[in-house]
Amino acid sequence: MSPNTVFLVSSISPDGEALLSLLKSVDPYAKSSSSVLSSWNPSSSTPCSWQGVTCSPQERVISLSIPNTFLNLSYLPPGLSSLSSLQLLNLSSTNISGIIPPSFGSFSHLRLLDLSGNSLSGFIPSELGGLSSLQFLFLNSNRLTGKIPSELAILSSLEIFCLQDNLLNGSIPSQLGSLLSLQQFRIGGNPYLTGEIPPQLGSLTNLTMFGVAATGLSGVIPPTFGNLINLQTLAIYDTEVFGSIPPELGMISELRYLYLHMNKLTGSIPPQLGKLQKLTSLLLWGNSLTGPIPPEVSNCSSLVILDVSANELSGEIPGDLGKLLVLEQLHLSDNALTGSIPWQLSNCTSLTALQLDKNQLSGQIPWQVSKLKYLQSFFLWGNSVSGTIPAAFGNCTELYALDLSRNKLTGSIPEEIFDLKQLNKLLLLGNSLTGRLPRSVARCQSLVRLRLGENQLSGQIPKEIGQLQNLVFLDLYMNHFSGGLPSEIANITVLELLDVHNNYLTGEIPDEMGELVNLELLDLSRNSFTGEIPSSFGNLSYLNKLILSNNLLTGQIPKYFKNLQKLTLLDLSSNSLSGEVPSELGYVTSLTISLDLSSNHLTGELPETFSGLTQLQSLDISHNLLSGRITILSSLTSLTSLNVSYNNFSGPIPVTPFFRTLNSDSFLQNSKLCQSVDGSSCSSRIMGRNGLKSAKTIALVAIILTSVAIAVVATWILVTRNHRYVFNNSQGIMGSSAGADDFSYPWTFIPFQKFNFTIDNILNCLKDENIIGKGCSGVVYRAEMPNGEVIAVKKLWKTKKNEEPVDSFAAEIQILGHIRHRNIVKLLGYCSNKSSDVYSYGVVLLEILSGRSAVDTQIDDGLHIVEWVKKKMGSFEPAVTVLDAKLQGLPDQMVHEMLQTLGIAMFCVNSSPAERPTMKEVVALLMEVKSSPDQQFGKTSQPLIKQSSTQS
């Protein structure tokens, strides 16, 4: 080596080393694929030329901004904190997880910190309170937990404070009221935040945005918020906030957006809100507000959206609302408003949505509605409006949805309505409309739903209706239509629902109906159709409900019904069908709701294939000429209703728990049927020349037998059906009882009244020394409660591993729920623990969807919610009637998803345990219930505007 040789050594600056610590942590794929990171050359003397990096004249890094760059970091390198001159750090949406390093609190010059849109977890470091120069803090849309550090109140220069969409808990520190420079305060979308909104925040007079939506905050809205004179957006919705709306809010002269919906607010709407001249959106829906709509609201001349629906408002709709010339959406539905619709609303010529449904409005629809040239939706259903439908609707050329159902409208349907080129939904259900359905209906090619049921329309159904190529729902039921069913309807290949029941239709059912391959519900019942059931019906593979009852149909039940593998309800009752019940019907295993073949001329025996209908809940084959045994029906383990009366059946009645719950009305006029002890032979005790005894005798025998078996049952039935676990004898809780159960799993407790003891008090008494009796179904214990009350507890035997699973528990509940006798006390509650209780989960789903508790006094006859839902769904009512009334008004897509969830719930509460899904299967089913992107509400940090409500 020559002594004159010189080596040049290049060394990157300390700031460059800090950035390289970030680069070393980046996913290798991210390094190679990112154009930003590929510019970070380790051989550079400084990082000042790297993309996303800005340096000072002294070559110190003052800004690192690489948002939306895929870093895929499992942690934030603490070495970044050595960037002592850093003023701006933006790593938003870069796929970073881990915690926020406490060392980030040492950035003394930092003005902006943006770590939003990542997967950061853990607490917000209190050390961030040391960022004395910080103006903008974005930690939103992560997975941060813990409390909001009160140390952040030290950040006196802070202008933007965004922590929304995390998992923070605790309350809002009142010390944050000292952040006098703050302009935006956003902490919404943290469902575990609790406590009150501190009144000290009313001192933040520079605020332009305050958002705490979708949190668990409670208390009242602080009147001090009237001091926020620069506030433009106040978003306190979807919280537990209660009390009245402070009239002081009327002093916030700059307010544009006032979102107070989905809370627990009470009291009246303060007239002082009329002072808000710049207000464009006023959303108060989903509270419990009372009193009238103050006419002063009409002074909010900039108002574009006014939504006070789903409250308890009363009085008349103020005509002064007609002064709101730029108003586009007026939502007053689901209140108790009275009086007529003010004609002055026609002055709101910018209106696109007018929703007045579910009130107590009367009078007529003002003809001046024709001035609303931009009107897209008009909902008036569920009122008492009378008079005729104004032909002037024909001038509302942008009208998309018109729902005038459930009113007192008379007269004919104006032909002008069918000239509306945008009309998608026309719902006129439940009025007193007369006249014919105009042939001009064919002009309205945009129609998707045409629902005209429950009126007095007459004449023939026009064949031109078959030209409506986009029609999905066609409801013409309960009218006075006559003549035949037009075969042209078969041209509407997208049709999913066709309901013409309860009319005066005659003739044969057109064979072309089988071309409606998308049909899900077909109801032709209560007409005078003749002939046979068309063979083409076998093509209706999507059919869910087929109702042809109360007609004059003849011939045999078609064998091709086996192709209808989505059919849940089939009603062929009250016709003149003959021949045998086809064995193919037993292969329609999708039948879960009802199979009704009653009041026909069917002969022969029940096919053995009926054993496959294990999910069927209701079966009626009464009033036929059927014969043979009914033993096969014991395989139908989900049955809750059965009628085989007025036939020629013979042999013993099955002795399953379900059959034990039935009374003699289910078997009348089957002279050769008999009671049985073993299910295979007749019992001589109750056999006689007339087979079954009178209902009175049977009732007496049932009382005697039942009294002997369960008279000791006082108030409780407890059961565990765990098939996998047993206690060791050393545990002692069950002593020497064979096959003792594990009581460690969570218990589901369904009380029928309030009690002063717990399930633990019950379990402690299930010992051998407390046994007072045993029987074929279980063992009975004497249980003394802490308050001195003595009760009897019956614990049913477990099903043996090799036995057919029979829900004896549900059966005993059924028995005790129906029996009323002085020797048998009323059932007061029951408990169970199936380690993962799918049945109980189904009950919870039903409670959520219906808005009712498991045992609700509002439910018919005090039925348990499961029986109530089964009864509703078995009565041919639309499934949507099960849903909570407040949910029924949501968008169609969301209602559809809730109905899917309802189906899953019913799957969970199947009467047969073997047919219930596992929790893993339930999760998979729920994952499939997804909504399309255009139906989703925005993020919780955005204002939640209720979608248009309409009937299904």
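Rules behind the numbers
Residues numbered from 1 in each chain as written. Predicted model: local features only at pLDDT ≥ 70, side-chain atom pairs only at ≥ 80, totals over all residues. Heavy atoms only, no water. Helix = DSSP H or I, 4+ residues; strand = E, 2+ residues; numbered from the N terminus. Buried < 20%, exposed > 50% of the residue type's maximum accessible area, 1.4 Å probe, protein only. Areas by Shrake-Rupley, 256 points an atom, 1.4 Å probe, with all protein chains shown as cover. Pairing = 2+ DSSP bridges. 1 Å grid on protein atoms, 1.4 Å probe; cavity = no way out; pocket = protein on both sides within 12 Å on 5 of 7 lines; lining within 4 Å. Points joined across faces, edges and corners; volume = space filled by probe spheres on them. Nonpolar A, V, L, I, M, F, W, Y, C, P; charged D, E, K, R; others polar. Phe/Tyr/Trp six-rings, centres within 6.5 Å; stacked < 30°, edge-to-face > 60°. Salt bridge = Lys/Arg side-chain N within 4 Å of Asp/Glu carboxyl O. Disulfide = S-S within 2.5 Å. Expected span 1.5 Å × (residues − 1). Contact = heavy atoms within 4.5 Å. pLDDT = per-residue confidence, 0-100. UniProt positions renumbered as here; feature names shortened; annotations may be inferred.

## Describing the overall build of the protein chain
Inference 1: Of regular secondary structure, the protein chain possesses 11 helices and 54 strands.
Inference 2: Among the 952 residues that make up the protein chain, the fraction classed as buried is 53%.
Inference 3: Counting every atom, the protein chain has about 40100 Å² of accessible surface; 51% of that belongs to carbon and sulfur.

## Some thoughts on the sheet that holds strand S23 (residues 336-338)
Inference 1: Reading across the sheet, the three strands line up as S19-S21-S23 and stay open at both edges, with parallel pairing between neighbours. Looking along the sheet, the strands with just one partner apiece sit at the ends: strand S19 (290-291) and S23.

## A word on empty space enclosed by the protein
Inference 1: Volume-wise, the largest cavity comes out at about 90 Å³.
Inference 2: For the largest cavity, the full set of lining residues is Ile 341, Pro 342, Trp 343, Leu 345, Ser 346, Leu 354, Ile 365, Pro 366, Gln 368, Val 369, Leu 372 and Phe 378.
Inference 3: Looking at the lining of the largest cavity residue by residue, the class counts come to 10 nonpolar, two polar and no charged.

## Topic: the packing of aromatic side chains
Inference 1: What the rule picks out here adds up to 11 aromatic pairs.
Inference 2: Relative to Trp 50, the ring of Trp 40 lies with its centre 5.2 Å away and its plane at 20°, an arrangement referred to as stacked. Note that Trp 40 is positioned in the loop between helix H2 (28-33) and strand S1 (53-55) and Trp 50 in the loop between H2 and S1, a separation of 10 residues in sequence.
Inference 3: For Trp 40, a relative accessible area of 4% translates into the label buried.

## Some points on the pattern of salt bridges
Inference 1: Taken as a whole and judged by the stated rule, the model has nine salt bridges.
Inference 2: Put simply, Lys 278 and Glu 254 hold a salt bridge, and the shortest N to O gap is 3.0 Å. Of this pair, Lys 278 sits in the loop between strand S17 (264-265) and strand S18 (281-283) while Glu 254 sits in the loop between strand S15 (242-243) and strand S16 (257-259), and the two are 24 residues apart along the sequence.
Inference 3: With relative accessibility at 33%, the residue Lys 278 sits in the partly exposed group.
Inference 4: With its nearest N and O atoms 2.6 Å apart, the salt bridge here joins Arg 443 to Asp 419. Note that Arg 443 is positioned in the loop between strand S29 (425-427) and strand S30 (449-451) and Asp 419 in the loop between strand S28 (408-409) and S29, a separation of 24 residues in sequence.
Inference 5: Accessibility expressed as a relative area gives 36% for Asp 419, which makes it partly exposed.

## Quick look at the state of the cysteines
Inference 1: On inspection of all chains with the given rule, the structure shows two disulfides.
Inference 2: Sulfur-sulfur distance for the disulfide between Cys 48 and Cys 55 comes to 2.2 Å. Taking the sign of the torsion about the S-S bond as the criterion, the disulfide between Cys 48 and Cys 55, at about -100°, is left-handed.
Inference 3: Sulfur-sulfur distance for the disulfide between Cys 674 and Cys 682 comes to 1.7 Å. Taking the torsion about the S-S bond as the criterion, the Cys 674 to Cys 682 disulfide, at about -60°, is left-handed.
Inference 4: For Cys 674, a relative accessible area of 1% translates into the label buried.
Inference 5: Sequence-ordered numbering of the disulfide-bonded cysteines in the protein chain gives the connectivity 1-2, 3-4.

## So, the pairing of strand S35 (residues 504-508)
Inference 1: Here strand S33 (residues 480-483) runs beside S35; their pairing, made up of two bridges, is parallel. Its bridge partner lying in S35, Ser 482 is registered against Tyr 504.
Inference 2: By the bridge criterion, three bridges tie S35 to strand S37 (residues 528-531) in an arrangement that is parallel. Across the sheet, the residue bridging to Thr 506 is Ser 528, located in S37.

## Focus on helix H1 (residues 14-25)
Inference 1: Taking 1.5 Å as the rise per residue, H1 with 12 residues should run 16 Å; its terminal C-alpha atoms sit 17 Å apart, in good agreement.
Inference 2: For H1, the set of buried residues is Asp 15, Gly 16, Ala 18, Leu 19, Leu 20, Leu 22, Leu 23 and Ser 25.
Inference 3: Its buried side turned inward, H1 meets H2, S1 and strand S2 (61-65).

## Quick look at the pairing of S37
Inference 1: Here S37 runs beside strand S39 (residues 552-553); their pairing, made up of two bridges, is parallel. Pairing of Thr 530 across the sheet is with Leu 552, part of S39.

## Side note on the confidence of the model for the protein chain
Inference 1: Mean pLDDT for the protein chain: 84, with 81% of residues reaching 70 or above.
Inference 2: Across residues 684-745, where pLDDT falls below 50, the model places 134 contacts with residues more than four positions away in sequence or in other chains.
Inference 3: In this model residues 931-952 is a low-confidence stretch, pLDDT under 50, and it forms 74 contacts with partners more than four residues away in sequence or in other chains.

## A look at the sheet that holds strand S6 (residues 119-122)
Strand pairing within a sheet occurs via backbone hydrogen bonds; the two strands may be parallel or antiparallel.
Inference 1: Strand order in the open sheet made by the three strands is S4-S6-S8, with parallel pairing throughout. Across the chains shown, the open sheet's two edge strands, defined by having one partner strand only, are strand S4 (97-98) and strand S8 (143-144).
Inference 2: Pairing of S4 with S6 involves two bridges; the strand directions are parallel. When the sheet's bridge partners are listed, Ser 97 is paired in S6 with Ser 119.

## Remarks on the UniProt feature "binding site: ATP" (unreviewed entry) in the protein chain
Inference 1: Mapped onto this numbering, the UniProt entry gives "binding site: ATP" (unreviewed entry) at Lys 795.
Inference 2: With respect to the helices, strands and loops of the structure, Lys 795 is situated in strand S53 (residues 790-796).

## Thoughts on the side chain of Thr 46
Inference 1: Mapped onto the elements of the fold, Thr 46 is located in the loop between H2 and S1.
Inference 2: By relative accessible area, Thr 46 is classed as buried at 17%.
Inference 3: Among all residues touching Thr 46, those that are not within four sequence positions of it are Ile 12, Ser 13 and Glu 59.

## Points about the environment of Glu 248
Inference 1: Examined against the element boundaries, Glu 248 turns out to sit in the loop between S15 and S16.
Inference 2: For Glu 248 and Pro 270, which are 22 residues apart along the polypeptide, the C-alpha to C-alpha distance reads 9.0 Å.
Inference 3: Setting aside chain neighbours within four positions, we find Glu 248 in contact with Pro 223 and Gly 226.

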